[in-house]
Amino acid sequence: MCGGGGSREPEVRYVGPSEEDMRRQEEALARYQEQSEAQAADFSASLQQQMDQAQQQQQEFAMQYQSRAAAAEESSRAAAASSYTASAQMSEQPANAQTTTAATKKKPKNTGLRISTAAGTSNSAGSGPNLAI
């Protein structure tokens, strides 16, 4: 072989992160947890505020609907009270009123077949139908 000495086994050493690297990673993880908790708290507060606003707006809409429904009901009652009433009693007919009269029966048409006996259509040669066969 090349150098004349005995062969040696390679030295295998595990070199992991140093204490300083591990401390930095733990600090970064702690910062991340703090930031995550702060963001979650901010989001929760913002969401609660939006829900409160939506609930308040829904209550305002419900009150507006109730007031409009009450006003519409009141106006329909007033319109019903002031409207004219109809009755089925006969009164005088107004001038130029269009009225109907009883239908008259028409004479039925006589639909039977009649043969004319007028001149020129007698039973003679050539007076039959012209079939042109």
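Structure report, in brief. Worth saying up front: this structure is predicted, and the values here are computed from it rather than measured. (Residues numbered from 1 in each chain as written. Predicted model: local features only at pLDDT ≥ 70, side-chain atom pairs only at ≥ 80, totals over all residues. Heavy atoms only, no water.)

**Let's talk about the overall build of the chain**
Turning to step 1, where the next piece is worked out: Scanning the chain from terminus to terminus reveals one helix and zero strands.
Turning to step 2, where the next piece is worked out: The proportion of buried residues among the 133 residues of the chain is 0%.
Turning to step 3, where the next piece is worked out: Summed over all atoms, the accessible surface of the chain reaches about 14000 Å², with 53% contributed by carbon and sulfur. (Helix = DSSP H or I, 4+ residues; strand = E, 2+ residues; numbered from the N terminus. Buried < 20%, exposed > 50% of the residue type's maximum accessible area, 1.4 Å probe, protein only. Areas by Shrake-Rupley, 256 points an atom, 1.4 Å probe, with all protein chains shown as cover.)

**Some points on the pattern of salt bridges**
Turning to step 1, where the next piece is worked out: For the structure on display, the rule yields six salt bridges.
Turning to step 2, where the next piece is worked out: Note that R24 and D21 form a salt bridge whose closest N and O atoms lie 2.0 Å from each other. On the criterion of helical spacing, the pair formed by R24 and D21 is a turn pair, its members being three residues apart in helix α1 (residues 19-82).
Turning to step 3, where the next piece is worked out: A salt bridge links R77 to E74; the nearest nitrogen and oxygen atoms lie 3.4 Å apart. With a gap of three residues between them, R77 and E74 both fall in helix α1, about one helical turn apart.
Turning to step 4, where the next piece is worked out: The class for E74 is partly exposed, based on a relative accessible area of 47%.
Turning to step 5, where the next piece is worked out: Each member of the salt-bridge network shares a partner with another, and the members are E20, D21 and R24. (Salt bridge = Lys/Arg side-chain N within 4 Å of Asp/Glu carboxyl O.)

**Details of a nonpolar patch on the surface**
Turning to step 1, where the next piece is worked out: Taken together, F43, L47 and M51 make up a surface patch of nonpolar side chains, about 310 Å² in accessible area.
Turning to step 2, where the next piece is worked out: Along the chain, F43 turns up in helix α1. (Patch = residues over 30% accessible without salt bridge, like charges linked within 9 Å, V, L, I, M, F, W, Y side chains within 5 Å.)

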